[in-house]
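Take a look at the letters that make up each chain.
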Amino acid sequence: MHVMHLLKTISVVVLLLTAIEVNADVPKPKPIHGEGECVEPEDIMKRNHMEFILHQRDETMQEGIRTSKYSFKQCISCHAVKGDDGEYVHVDDSRHFCVTCHEYAAVTIDCFQCHADTPRSTDKHELRVNE
Amino acid sequence: MNNNDSLVNQKRRAILGGTAAAIAGIAIAPGVFLTETAQARPVDEPVSSKTRWGLLINTNNCNDCNDCVTACQNENGWGTGSNDEQNSAPNQKAQWIRSVKVTDKQTGYAKTLPMMCQHCEKPPCVDVCPTGASFKREDGIVLVDKHICIGCRYCMMACPYKARSFVHEKLTDQRSYAPRGMGTVESCTLCVHRVDNGEDPACVEACSSSMIFGNLNDPDSEISKELARHGGTQIRADLRLNPGVRYQGLNF
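Basis of the calculations
Residues numbered from 1 in each chain as written. Chains lettered and ligands numbered in written order. Predicted model: local features only at pLDDT ≥ 70, side-chain atom pairs only at ≥ 80, totals over all residues. Helix = DSSP H or I, 4+ residues; strand = E, 2+ residues; numbered from the N terminus. Buried ≥ 20, exposed ≤ 12 C-beta atoms within 10 Å, placed from the backbone. Contact = placed C-beta atoms within 7 Å. Core = buried A, V, L, I, M, F, W, Y, C linked by C-beta atoms within 7 Å. Pairing = 2+ DSSP bridges. Nonpolar A, V, L, I, M, F, W, Y, C, P; charged D, E, K, R; others polar. Axes fitted to C-alpha atoms, helices over the stretch in contact; angles between N-to-C directions.

Chemist: What should I look at first to understand the overall build of chain A in this one?
Modeler: Looking only at helices and strands, one finds four helices and zero strands in chain A. Going residue by residue from the N terminus, the α and β elements of chain A occur as α-α-α-α. When the 131 residues of chain A are sorted by exposure, 14% land in the buried category.

Below, the structure written as structure tokens:
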């Protein structure tokens, strides 16, 4: 029995070590910070950003509430990443703010099938500041 | 006497007060202030049925210039306003607003009019939508919630005005305020992003000579007053959909 137990422990330790080793090969994503303070602390945003934008989505769509906190447009405009050519990168680029983490987590996002993935300077209706 | 005096004064004050209130009422009555109050809804407040947005198009002033169509394309990023839909046939491409010529064959009397989503009070597109994506906002604007649209196109079949389009291919670089994408249905939004900001739709801005936008529920708004004075035609009034878009000059 004792031998079996020891073997089990060893195998668990070996497995853990392998896991750590695998992790070490994949670099942790380092999404760039936007300008100024985010609307919520980073750890909350990491876990709940999808809830915030989902909630805001329905309010904006159904009720016409267009506040800039939790606004998808606001995320895009603060966290836009510029490439080497000085132009904003699109979602097909790994440097895009959303893509940095979503690629790592292997979570597909559908937002940009319809939504603009970069801020446009030609947009006539810029976001209003927090009211 | 003193008592009488004070009584008289009180009455006078009451009368003067009443007059002052009446004058204030008149000052508000021209509608300018009322309209502004209605449009300047605080951004964090939901839209309400106190407002019903409408559009009045005077076809007598329409000179076939197509400015309203171009303005819509540039504002919302479809047609000439974008480089997308290169692989779609012309009759497949999105058409939020189109120029339609109607002719009376007997008399030869012809009129051109812009045709788009009529923002019905009882929209058939909403009736048939199986997911609830097609919906009417409290303020009467009929929209497609593309988050829930499954692209079945029932609404396109149901619409008697041929107002809706289906996007057949992948799009890029959309306007941030007018998201549109493959596999969903879309139509005139009455420039809801502008309306929520207290502005007129792009087509109205481009053609203020023959288009009036405003609140049909406010009797003092320009559109209501114009409708009360000269009336307006509903297209396919027989369907009793009570569209928010009305036309003038269609005297066939």
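Chemist: Looking at this model, I keep getting lost on the overall build of chain B. Mind explaining?
Modeler: Along chain B, the regular secondary structure elements total eight helices and nine strands. Burial analysis of chain B (252 residues in total) assigns 40% to the buried set.

Chemist: How should I be thinking about helix H3 (residues 67–76) of chain B in this particular structure?
Modeler: All names here are of chain B. A large share of H3 lies buried, amounting to seven of its 10 residues. Among the residues of H3, Cys-68, Val-69, Ala-71, Cys-72, Gln-73, Glu-75 and Asn-76 are the ones counted as buried. Turning to H3, the residues buried within the fold contact strand S2 (97–103), strand S3 (110–116) and helix H7 (202–206). Gly-77 sits one or two residues past H3 and shows a positive phi near 70°.

Chemist: So what exactly am I meant to see when it comes to the nonpolar core here?
Modeler: In globular proteins that are soluble, nonpolar side chains generally tend to be buried together. All names here are of chain B. Grouped together as the largest cluster of nonpolar side chains are 51 residues, with contacts concentrated most on Cys-68, Cys-72, Ile-97, Cys-203 and Met-211. When residues of this core are traced back to their parent elements, those giving at least two are strand S1 (53–58), H3, S3, strand S5 (142–144), helix H6 (192–195), H7, strand S8 (211–215) and strand S9 (245–248). With residues up to four places along the chain from it excluded, the contact list for Cys-72 reads Trp-96, Ile-97, Ala-202 and Cys-203.

Chemist: Where do I start with the pairing of S9 of chain B in this structure?
Modeler: Residues and elements named next belong to chain B. Burial along S9 is two-sided: Val-245 and Tyr-247 facing one way and Arg-246 and Gln-248 facing the other are all buried. Across four bridges, S1 lies against S9 in parallel orientation. Following the sheet pairing, Leu-56 is matched in S9 by Arg-246.

Chemist: Is there a simple way to explain the interface of chain A and chain B in this structure?
Modeler: Accessible area lost during the coming together of the parts is what is often quoted as the interface size. Taken residue by residue, the interface counts 19 residues in chain A and 22 residues in chain B. The dominant element in the side of chain A that touches chain B, judged by the number of residues it contributes, is helix H2 (residues 42–63) of chain A, at four residues. Split into classes, the residues belonging to the side of chain A that touches chain B amount to five nonpolar, six polar and eight charged.

Chemist: Would you mind going over the environment of Ser-88 of chain B with me for this structure?
Modeler: All names here are of chain B. As for its placement among the helices and strands, Ser-88 is situated in the loop between H3 and S2. Judged by the 15 C-beta atoms lying within 10 Å of it, Ser-88 falls in the partly exposed class. As for Ser-88 and Arg-52, which are separated by 36 residues in sequence, their C-alpha atoms are 35 Å apart. Leaving out residues up to four positions away in the same chain, Ser-88 has contacts with Lys-93, His-168 and Glu-169.

Chemist: Can you walk me through the sheet that holds S8 of chain B in this structure?
Modeler: Paired through their backbone hydrogen bonds, the strands of a sheet run either parallel or antiparallel. All names here are of chain B. As summarised here, the arrangement of the three strands in space is S8-S1-S9, forming an open sheet in which the pairing is mixed. Pairing within the sheet leaves two strands with one partner each, and these edge strands are S8 and S9. The mean angle between the axes of side-by-side strands here comes to 20°, regardless of whether they run parallel or antiparallel.

Chemist: How should I be thinking about unusual backbone geometry in this particular structure?
Modeler: Glycine aside, negative phi is the norm for most residues, and most peptide bonds take the trans geometry. A positive phi angle is found at Tyr-70 of chain A, which is not glycine, with a value near 65°. Tyr-70 of chain A gets classed as buried once you count the C-beta atoms within 10 Å, which come to 20. Backbone geometry at Cys-191 of chain B places phi at a positive 50°, although glycine is not the residue there. Secondary-structure assignment places Cys-191 of chain B in the loop between strand S7 (185–186) and H6.

Chemist: I'm lost on the environment of Phe-135 of chain B in this one. Help?
Modeler: Residues and elements named next belong to chain B. Positionally, Phe-135 belongs in strand S4 (residues 134–136). Distance from Phe-135 to Pro-123, taken between C-alpha atoms, is 8.4 Å for residues 12 residues apart in sequence. In this view, Phe-135 contacts Val-126, Leu-143 and Asp-145; residues no more than four positions away in its chain are not counted.

Chemist: Quick question: what am I supposed to make of the pairing of S8 of chain B here?
Modeler: Put simply, side chains in a regular strand alternate between the two faces of the sheet. Residues and elements named next belong to chain B. Burial of S8 is extensive: five of the five residues sit out of reach of the surface. Pairing between S1 and S8: five bridges, direction antiparallel. Pairing of Leu-55 across the sheet is with Phe-213, part of S8.

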